[in-house]
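Structure at a glance
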Amino acid sequence: MIHFDNVTKAYANQNRPALDHVSVDVDKGEFVFLVGPSGSGKSTFLRLILKEERPNSGAIHVAGKDLGRLSNFKVPHLRRRIGCVFQDFRLLPNKNVYENVAFALEVIGKPRRFIRKVVPEVIELVGLEGKAHRMPDELSGGEQQRVAMARAFVNRPMILLADEPTGNIDPATSIGIMKVLDRINRTGTTVVMATHDAAIVDSMRKRVVELEDGKIVRDQSRGVYGQAY
Ligand code: ADP
Ligand code: ADP
């Protein structure tokens, strides 16, 4: 599903590459934690998958497509098939829960009848049934992140990328967020989650890919956050 072959990404005016000869494969349906200190290259890795950045060398394939050969007009199509969740939720403040989720389908021209069918289903999947008419500022952080996950998932993306999704959420609430991500993963969606949250990584026992100074220093199935000594 995601294939990095010897990928190096160096930003201008940086003394070392953000990603340095990274090779990794993520299969369809996998759940992968991307860990490593701040500045180790996690966000760059996610942005490369979306073709928001281009590598200086190496090749990236996503869902069988060589991103280096993907023409610019096909990039929106790629991004439609990849859901994204961020630390800061990024909800539309003037739309309620239902409208925030529905908007993701409206902008890609889905028929209203389809939207009316699938939005309530996804609101239920993330555990927000009964709250469809709440505004974002009437929700807790954990609930706002559930809305963001519903919005990211409503178009049934093949990949879900999550960048520190529990970074603004207390530990007890984070467990619920992870249950939703796990539920999404169980539908067959490949999940890649960048995180600093050791407790979450240790509790899930999923594959862990660790970056340090732009290099993969560990790739462990059923791993933990810290190096197991
Ligand atoms: P992480 O997500 O692990 O914190 P990043 O991928 O954001 O790591 O950053 C990796 C390195 O690339 C850091 O040294 C960072 O300063 C640098 N970097 C990230 N984005 C940019 C950018 N847009 N321009 C220049 N340097 C960047
Ligand atoms: P109609 O309006 O002709 O009855 P549908 O409402 O079933 O057709 O679907 C119309 C469009 O909605 C499709 O072309 C497709 O883009 C989208 N669609 C339907 N079902 C799904 C689905 N399960 N996942 C994603 N998009 C869908």
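Residues numbered from 1 in each chain as written. Chains lettered and ligands numbered in written order. Predicted model: local features only at pLDDT ≥ 70, side-chain atom pairs only at ≥ 80, totals over all residues. Heavy atoms only, no water.

Two elements in contact, helix α5 (residues 141-153) and helix α6 (residues 171-186), have axes whose closest approach is 10 Å; the angle formed by their N-to-C orientations is 10 degrees. Here α5 lies roughly parallel to α6, going by the angle between them. Contacts from Gly 142, Gln 145, Arg 146, Met 149 and Phe 153 in α5 reach Thr 173, Gly 176, Ile 177, Val 180, Leu 181 and Ile 184 in α6. Broken down by class, the residue content of the contact of α5 with α6 amounts to six nonpolar, four polar and one charged. (Axes fitted to C-alpha atoms, helices over the stretch in contact; angles between N-to-C directions. Helix = DSSP H or I, 4+ residues; strand = E, 2+ residues; numbered from the N terminus. Parallel < 35°, antiparallel > 145°, perpendicular 65-115°, else oblique. Contact = heavy atoms within 4.5 Å. Nonpolar A, V, L, I, M, F, W, Y, C, P; charged D, E, K, R; others polar.)

In this section: a nonpolar patch on the surface. Residues Leu 92, Phe 103 and Val 107 make up a contiguous nonpolar surface patch of about 230 Å² in total accessible area. As for its position among the elements, Val 107 is in the loop between α3 (97-106) and α4 (112-125). (Patch = residues over 30% accessible without salt bridge, like charges linked within 9 Å, V, L, I, M, F, W, Y side chains within 5 Å. Areas by Shrake-Rupley, 256 points an atom, 1.4 Å probe, with all protein chains shown as cover. Salt bridge = Lys/Arg side-chain N within 4 Å of Asp/Glu carboxyl O.)

A word on the site of ligand 2. As a structural note, the neighbourhood of ligand 2 is formed by Lys 110, Pro 111, Arg 113 and Phe 114. Relative to its unbound accessible surface of 550 Å², ligand 2 loses 37% to contact with the protein. (Near = heavy atom within 4 Å.)

Counting residues in each nonpolar core, the largest one holds 40 residues, and the members touching the most others are Phe 33, Val 119, Met 149 and Met 178. Of all the secondary structure elements, the ones that give two or more residues to this core are β3 (31-35), α3, α4, α5, β7 (159-163), α6, β8 (190-194) and α7 (198-204). Here the element with the most residues in this core is α5; it accounts for six residues. Both domain 1 (1-81 + 158-229) and domain 2 (88-156) contribute no fewer than three residues apiece to this core. Those residues within four positions of Met 149 in sequence are excluded, and the remaining contacts are Val 85, Val 126, Ile 177, Val 180, Leu 181 and Ile 184. Ranked by size, the runner-up nonpolar core spans 28 residues in total, among them Val 22, Leu 48, Leu 161 and Leu 211. (Core = buried A, V, L, I, M, F, W, Y, C linked by side-chain atoms within 4.5 Å. Buried < 20%, exposed > 50% of the residue type's maximum accessible area, 1.4 Å probe, protein only. Domains from an automatic or database assignment.)

Before going further, it helps to spend a moment on the confidence of the model for the protein chain. When pLDDT drops low, the exact placement of atoms in the prediction is not to be read closely. When pLDDT is averaged along the protein chain, the result is 96, and 99% of the positions lie at 70 or above. For this predicted complex, the interface score ipTM comes out at 0.73, alongside a pTM of 0.89. (pLDDT = per-residue confidence, 0-100.)

Looking now at the layout of surface pockets. When its volume is computed, the largest pocket comes out at roughly 530 Å³. Surrounding the largest pocket, 17 residues form its lining, Arg 79, Ile 82, Cys 84, Ala 104 and Arg 151 being those nearest its centre. Where the lining of the largest pocket is concerned, the elements lending two or more residues are α2 (75-80), β6 (82-86), α3 and α5. Ranked by residues supplied to the lining of the largest pocket, first place goes to β6 with four residues. A per-class count over the lining of the largest pocket returns eleven nonpolar, two polar and four charged. Taken together, domain 1 (1-81 + 158-229) and domain 2 (88-156) each give at least three residues to the lining of the largest pocket, which thus spans both. (1 Å grid on protein atoms, 1.4 Å probe; cavity = no way out; pocket = protein on both sides within 12 Å on 5 of 7 lines; lining within 4 Å. Points joined across faces, edges and corners; volume = space filled by probe spheres on them.)

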